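Per-entry structural report
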Amino acid sequence: MSELDAIRVRFPDGAEEAFPKSTPAGSALQRWNAEASKSALAASWDGVPVDLAFPLPSDGDLAPLTFEDRAGRDILEHSSAHLVAKGLVESIPGALPTHGPPTEEGFFYDFDVRPLTPSDLDSVRAAMDRSVRAREPFVRRELSRLDAEILFANNPYKLRYIAEAPPDEPVSVYDTGTFTDLCRGPHVPNTGWLEGVHVLGFSAITQEDSGAAPLQRIRGVGFPTRAQLDQYLKMRTEAEARDHRIFGTKLDLFSFEDAAPGFPFWHPRGMVVIHELEKFVREHLDEAGYEEIRTPLLFAQSVYETSGHWEHYRENMFLTVVEGRTFGWKPMNCPGSMLIFRSRARSYRELPMRLAEFAPLHRNEASGTLHGLTRVREFIQDDAHIFLAEDQVEAEVRTLLAWIARAFATFRLEWNVELSTRPAHFLGEKETWDRAEAILEHVLKSTQTKYRLAPGEGAFYGPKIDIHIRDSLGRSWQTGTIQVDYQIPIRFDLEYQGPDGQLHRPVVVHRTILGSWERFLGVLLEHVAGRLPPWLAPIQVRVLPVTDRHSGASIGLVEELRAARVRSELAGADESIAKRVRTAEVDRVPWVVVLGDKEVAEGSVSLRVRGARETRSYSRAEFISYATDRVRRREFDP
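These lines cover the structure that appears in this document, whether it is placed above or below. (Residues numbered from 1 in each chain as written. Predicted model: local features only at pLDDT ≥ 70, side-chain atom pairs only at ≥ 80, totals over all residues. Heavy atoms only, no water.)

1. Some points on the side chain of Thr 191
With respect to the secondary-structure elements, Thr 191 resides in the loop between strand E11 (179-182) and strand E12 (198-205). Its relative accessible area of 0% is what places Thr 191 among the buried residues. Among the polar contacts made by the side chain of Thr 191, one reaches the main-chain carbonyl oxygen of Ser 131 at a distance of 2.7 Å. At a separation of 2.8 Å, a polar atom in the side chain of Thr 191 contacts the main-chain amide nitrogen of Glu 136. Residues within four places of Thr 191 in sequence aside, it is in contact with Leu 83, Ser 131, Val 132, Arg 135, Glu 136, Phe 138 and Thr 176. (Helix = DSSP H or I, 4+ residues; strand = E, 2+ residues; numbered from the N terminus. Buried < 20%, exposed > 50% of the residue type's maximum accessible area, 1.4 Å probe, protein only. Polar contact = N/O pair within 3.5 Å; in protein donor to acceptor, adjacent residues only side chain to side chain. Contact = heavy atoms within 4.5 Å.)

Shown next, in the form of structure tokens:
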């Protein structure tokens, strides 16, 4: 191997090796670590996901991608969508595939085809099984635009994608057996990786052109093995019973309407929960020296061009035109915070400057990805931007990790961390990214925080620590994030005067802890099966008079509880005690108090705690003290 043909490849453990130019990524990974490469379904090359067959073109960073990595999971789900498309085209030759992306819940593929039937899905499943057993490879080819247009001449959807592709981007297709699909990739090596693919169902999807016939959408999930699929299906059965959308209706917390798809309607009881979450976070903000701001919901296009969102995030933004100018509904709070920092001269004495903002954000999520509160188009985050000198960043990140541990312990949620590094398309210089990634990695190691590396999953402006919580069903959800950003301060020309009298560029840490109220509450409702801890429950105490003659004392107790800031209500005596107790259990009320002759005479209460069979007796003063104390300390259980 001559020096001209050799390339230097860096691996995640810091090792470097020389390889001939165009060595397949999979071969290089196998030589680096044969055991680790067995679970690799694709690779990350300089932050870009690639096929294992990808020929390495130059010096760079190479890492394996497995199903445990977010990018790896997306690759397998997308490959699963191709497998479904192959099965449908083989079953119904006239079907026209449109697009089939991975989603947070699995994948879907939309087809221009006659209305599907259950027997069609049986045929698709049979074709998929044949392909999996044959272990057919996914083979990438690059075509000229003319050849691609000839290949897909009968599919107007693919022709549109070809026309919309950037002029300098190669047009690529993937062959799988006799099936060919337009796709950027990457994919798993072969269909043998898709043993755990499962078709969930189908539905009709209205096209943007109101005169066009509906598309047929097939939904599914993908796993590398049948055993993983079986475990998922078992969990899914239990998850359906815990669906937060059911509790949203049962507990009268929120609803959705076709008139505003993806936009939650918060009911009065739901707002109680949201306000308690805000109060929880604001207490930390006060302790840690944050200041709260509010910035506009609309910014001119020029602001997003400066921030980089126009180039990197425009397709996910809602846009509107006012007096001939294009404005975007803000998908993130970052630009507003930058403009406030820039509004006047700043001194090093003001740093760290911690600006928190709770404002509605809007993202134009695809309709097929919307799911209750966990994927919406409007949401509010416990968001903050912290402006620092570079030597202050490490200490700030340590503080944030400690707060994350405290916050999730309050909710009894397990959590883990991913270090997400430079993506394929990024702002700034590689050297600056390396410095930011090194800071985050050093903090994680020095605090003995276990973490996974997520190559290429950083934001376009900086690397980040992504927080994933695990619910009681074992599912992982990405919520909070800590991002170190050197780029946006440059783009907004942010400066502060240092102790040396010179102007310096700040570093910005973007951070959320719980994430969005919507997503976090959706996850929490499923985690606790609707049994919110007393401090979050919209109704904390329900008072039940045995008969009408006990109503006066019951009303008095409700008033005492409300005066003590305990959310309580009266359930009148028009139904039996047994039925009202059962209703309170269904309504997930933490504490049910019964007042009869004995309790009224003694000035006591008979308390039934949610989920318990027995009752306890307290004096009225003792019960109020008990309830207020547990709420104040944010105890998890009643």
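2. A short note on helix H1 (residues 25-32)
Where H1 is concerned, the buried positions are Ala 25, Gly 26, Ala 28, Leu 29 and Trp 32. Looking straight down H1, one finds its buried side chains confined to an arc of 160°; they lie on one side. Where the residues of H1 are buried, they touch strand E2 (16-20), helix H2 (34-37), strand E3 (42-45) and strand E5 (60-65). (Arc of directions from axis to C-beta.)

3. Things to note about the sheet that holds strand E1 (residues 6-10)
Taken together, 5 strands build an open sheet; the order of strands is E2-E1-E5-E3-E4 and the sheet is mixed. Here the strands that pair on one side only, and so sit at the sheet edges, are E2 and strand E4 (48-50). The sheet shows a mean angle of 35° between the axes of neighbouring strands, taken without regard to direction. H1 contacts E2, E3 and E5 of the sheet and is inclined by roughly 85° relative to E5. (Pairing = 2+ DSSP bridges. Axes fitted to C-alpha atoms, helices over the stretch in contact; angles between N-to-C directions.)

4. Points about the environment of Trp 415
Relative to the assigned elements, Trp 415 resides in strand E23 (residues 414-420). C-alpha of Trp 415 to C-alpha of Arg 325: the two residues are 90 residues apart in sequence and 44 Å apart in space. Beyond its immediate sequence surroundings of up to four residues, Trp 415 is in contact with Leu 401, Ile 404, Ala 405, Phe 408, Ile 467, His 468 and Ile 469.

5. Focus on the packing of helix H9 (residues 268-288) against helix H16 (residues 517-527)
Packing of H9 against H16 leaves a shortest axis separation of 11 Å and a crossing angle of 110°. Viewed along their axes, H9 and H16 adopt a mutual orientation that is roughly perpendicular. Side by side, H9 and H16 meet where Val 273, Ile 274, Leu 277, Glu 278 and Val 281 of the first sit next to Trp 517, Phe 520 and Leu 521 of the second. Per-class residue counts for the contact of H9 with H16 are 7 nonpolar, no polar and 1 charged. (Parallel < 35°, antiparallel > 145°, perpendicular 65-115°, else oblique. Nonpolar A, V, L, I, M, F, W, Y, C, P; charged D, E, K, R; others polar.)

6. Considerations on the packing of aromatic side chains
For any two aromatic rings, the description comes down to two numbers: the centre-to-centre distance and the angle of the planes. Counted under the stated rule, the structure contains 23 aromatic pairs. Aromatic side chains Phe 411 and Phe 520 sit 4.8 Å apart centroid to centroid with 75° between the ring planes, which places their arrangement in the edge-to-face category. You can see Phe 411 sitting in the loop between helix H13 (393-410) and E23 and its partner Phe 520 sitting in helix H16, a full 109 residues away along the chain. Each of the two residues, Phe 411 as well as Phe 520, counts as buried. Three or more aromatic residues joined by ring pairs make a cluster, and in this case those are Phe 280, Trp 403, Phe 411, Phe 520 and Trp 535. Over the ring of Phe 426 we find Arg 422; its NZ or CZ atom is 5.5 Å from the centre of that ring. (Phe/Tyr/Trp six-rings, centres within 6.5 Å; stacked < 30°, edge-to-face > 60°. Lys NZ or Arg CZ within 6 Å of the ring centre and 35° of its normal.)

7. Comments concerning the pairing of strand E18 (residues 319-322)
As paired elements, E18 and strand E19 (residues 325-329) share 4 bridges and run antiparallel to each other. Following the sheet pairing, Val 322 is matched in E19 by Arg 325. Adjacent in sequence and paired antiparallel, E18 and E19 are bridged by 2 residues, among which Glu 323 carries a positive phi angle near 50°.

8. Points about the nonpolar core
Phe 411, Ile 465, Leu 514, Phe 520, Trp 591 and Phe 623 are the most contacted members of the largest nonpolar core, which has 77 residues in total. Here this core takes 8 residues from H13, the largest share from any one element. Judged by nonpolar contacts, the second largest core, of 40 residues, contains Ala 71, Val 132, Val 199 and Leu 229. (Core = buried A, V, L, I, M, F, W, Y, C linked by side-chain atoms within 4.5 Å.)

9. Thoughts on the pairing of strand E22 (residues 378-388)
With 10 of its 11 residues buried, E22 lies for the most part within the structure. Alignment of strand E20 (residues 353-357) against E22, held across 5 bridges, turns out to be antiparallel. Across the sheet, the residue bridging to Leu 355 is His 385, located in E22. Here 3 bridges tie strand E21 (residues 360-362) to E22, and the two strands are oriented antiparallel to one another.

10. Quick word on unusual backbone geometry
A negative phi angle is the norm for most residues apart from glycine, just as the trans form is the norm for most peptide bonds. In this chain, Gly 185 is followed by Pro 186 through a cis amide linkage whose omega measures 0°. Considering the arrangement of structural elements, one finds Pro 186 in the loop between E11 and E12. Look at the link from Leu 351 to Pro 352: it is a cis peptide, with omega at -5°. Assignment of secondary structure puts Pro 352 in the loop between helix H12 (334-341) and E20. Despite not being glycine, Glu 323 shows a phi value in the positive range, around 50°. Within the element layout of this structure, Glu 323 appears in the loop between E18 and E19. Positive phi outside glycine occurs at Arg 634, with the angle close to 55°.

11. A word on helix H6 (residues 156-164)
If you check which residues of H6 are buried, you get Tyr 157, Lys 158 and Ile 162. Summarising the axial view, the buried residues of H6 lie within an arc of 140°, below the 170-degree limit, and thus occupy one face. Residues of H6 that are exposed and point more than 90 degrees away from the buried face comprise Ala 163 and Glu 164. Structurally, H6 contributes buried residues whose contacts are with strand E6 (96-97), strand E8 (106-112), helix H5 (145-151), E11 and strand E13 (215-221).

12. Brief notes about the pattern of salt bridges
On inspection of all chains with the given rule, the structure shows 54 salt bridges. With a shortest N-O distance of 3.8 Å, Glu 164 and Arg 160 are connected by a salt bridge. With a gap of 4 residues between them, Glu 164 and Arg 160 both fall in helix H6, about one helical turn apart. Residue classification places Arg 160 among the partly exposed positions, given a relative accessible area of 40%. With a closest N to O distance of 2.7 Å, Arg 633 and Asp 629 form a salt bridge. Connected via shared salt-bridge partners are Arg 10, Asp 61, Arg 422, Lys 430 and Asp 434. (Salt bridge = Lys/Arg side-chain N within 4 Å of Asp/Glu carboxyl O.)

13. Some details on the environment of Ser 347
The residue Ser 347 is located in the loop between H12 and E20 in this model. For Ser 347, a relative accessible area of 18% translates into the label buried. Between the C-alpha atoms of Ser 347 and Pro 499, which are 152 residues apart in sequence, the distance is 8.3 Å. Setting aside chain neighbours within four positions, we find Ser 347 in contact with Tyr 496 and Gln 497.

14. Considerations on the sheet that holds strand E32 (residues 591-595)
The sheet built from 5 strands is open, its strands ordered E31-E30-E32-E33-E34 with mixed pairing. At either margin of the open sheet sits one strand with a lone partner, and together these are strand E31 (568-570) and strand E34 (615-619). Strand after strand, the sheet turns through a mean of 30° between neighbouring axes, direction not considered. Here E32 pairs with strand E33 (residues 604-609) via 4 bridges, running antiparallel. Bridged to Trp 591 within E33 is Val 609. Across the face of the sheet, helix H20 (residues 620-632) comes into contact with strand E30 (541-545), E32, E33 and E34 while running at roughly 110° to E34.

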